[in-house]
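# Residue-level structure breakdown
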Amino acid sequence: MVVGHRRGIGGLALHESGGIIVSGRNVAHRPFELDTVQNAGETSVVIERDPANGIVGFNDMTTDASGRLYVGSVSFVAFEEDVRQAKPGRLHMVDLDGKVRMVADDVLLTNGLGFSPDGRRLYHSDSGRQLVRVYDVADDGRLSPPAILVQTPDGKPDGMAVAEDGTIWLALAFASAVLVLAPDGREIRRIPVPDPMVTSLCFGGADRRDLYVTSGSTGASEITKACVYAGRADVAGMPIAPARIPVGGGKTVHS
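Calculation rules
- Residues numbered from 1 in each chain as written.
- Predicted model: local features only at pLDDT ≥ 70, side-chain atom pairs only at ≥ 80, totals over all residues.
- Heavy atoms only, no water.
- Phe/Tyr/Trp six-rings, centres within 6.5 Å; stacked < 30°, edge-to-face > 60°.
- Helix = DSSP H or I, 4+ residues; strand = E, 2+ residues; numbered from the N terminus.
- Buried < 20%, exposed > 50% of the residue type's maximum accessible area, 1.4 Å probe, protein only.
- Pairing = 2+ DSSP bridges.
- Axes fitted to C-alpha atoms, helices over the stretch in contact; angles between N-to-C directions.
- Salt bridge = Lys/Arg side-chain N within 4 Å of Asp/Glu carboxyl O.

What follows is about the packing of aromatic side chains. Taken as a whole and judged by the stated rule, the model has two aromatic pairs. Relative to Phe115, the ring of Tyr70 lies with its centre 5.3 Å away and its plane at 70 degrees, an arrangement referred to as edge-to-face. Taken together, the residues Tyr70 in strand S6 (residues 69-74) and Phe115 in strand S9 (residues 110-115) connect sequence positions 45 residues apart. Overall, the relative accessible area of 0% leaves Tyr70 in the buried class.

Here is the structure:
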């Protein structure tokens, strides 16, 4: 199935009612209703952009076990502005009642997000600062002030997935690698990838041990350009719950 959307998709999450939540210019729900792009159903906005308050768009996202949605906003236009000169963005939570709350700020560029297996910690790539943050998660989904889990001076932390054993699998952009980290941030191993721009990864398959890794075209072969690589992992990835937030009406960002 192909779902028509627009340029600049930042992140994706399945929704329990069907369809996907897509981030980019805004955060929106796109139904899976029919098998043609033209008749795929109406898009409904979950969070609208707010340039006057520094929210130009949205990048990566994830859900917690309850189905709350966490998504990072950005204050700059990707590929048009230098992230190092941009104002920091924020991390927003869409709760099960549809309310949108800011749960973290001072994030230069949100990328991978992933919960620990017990749901009590949230890991968060800040590609602009080349580090991964970690927050404690309260029962209501709110976050503690962040600590630095790990810094990555040899590359930019991008997409992320967490495995059942608690390890954190991190795409390292501009470094031709996937890092496997212990829950305390210690590097366990480094998996080489043929292309330098390693952008994201996820676990799949019936046993969630199929590992899929994506790369961008920067520095890639003229023949292959961007790629999707597949292999087998020695541990299963954590299942990602579908979003259970209300869809079908416009929302605005508030704290």
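Once the structure has been displayed, the description carries forward.
Moving on to the sheet that holds strand S14 (residues 168-173). Pairing in this open sheet of four strands is antiparallel, and the strands run S13-S14-S15-S16 from one edge to the other. Whereas interior strands pair on both sides, the edge strands pair on one side only; in this sheet they are strand S13 (156-162) and strand S16 (187-192). For this sheet, the mean angle separating the axes of adjacent strands, direction not counted, is 25 degrees. Note that S13 and S14 share five bridges and pair antiparallel. In the sheet register, Lys156 faces S14, and the bridge partner there is Ala173.

The final tally for this structure, using the stated rule, is 15 salt bridges. Residue Asp126 is joined to Arg129 by a salt bridge in which the shortest nitrogen-to-oxygen separation is 3.3 Å. The class of Asp126 is buried, set by a relative accessible area of 0%. Judged by relative accessible area, Arg129 falls into the partly exposed class, the value being 33%. Here Asp234 makes a salt bridge to Arg189, at a shortest N to O gap of 3.1 Å. Taken together, the residues span a long stretch of sequence, with Asp234 in the segment after strand S19 (227-232) and Arg189 in strand S16 at a distance of 45 residues. Residue classification places Asp234 among the exposed residues on the basis of a relative accessible area of 53%. Taking the relative accessible area as the measure of exposure, Arg189 reaches 30% and is therefore partly exposed. Through salt bridges with shared partners, a single network forms among Asp64, Arg68, Asp95 and Arg101.

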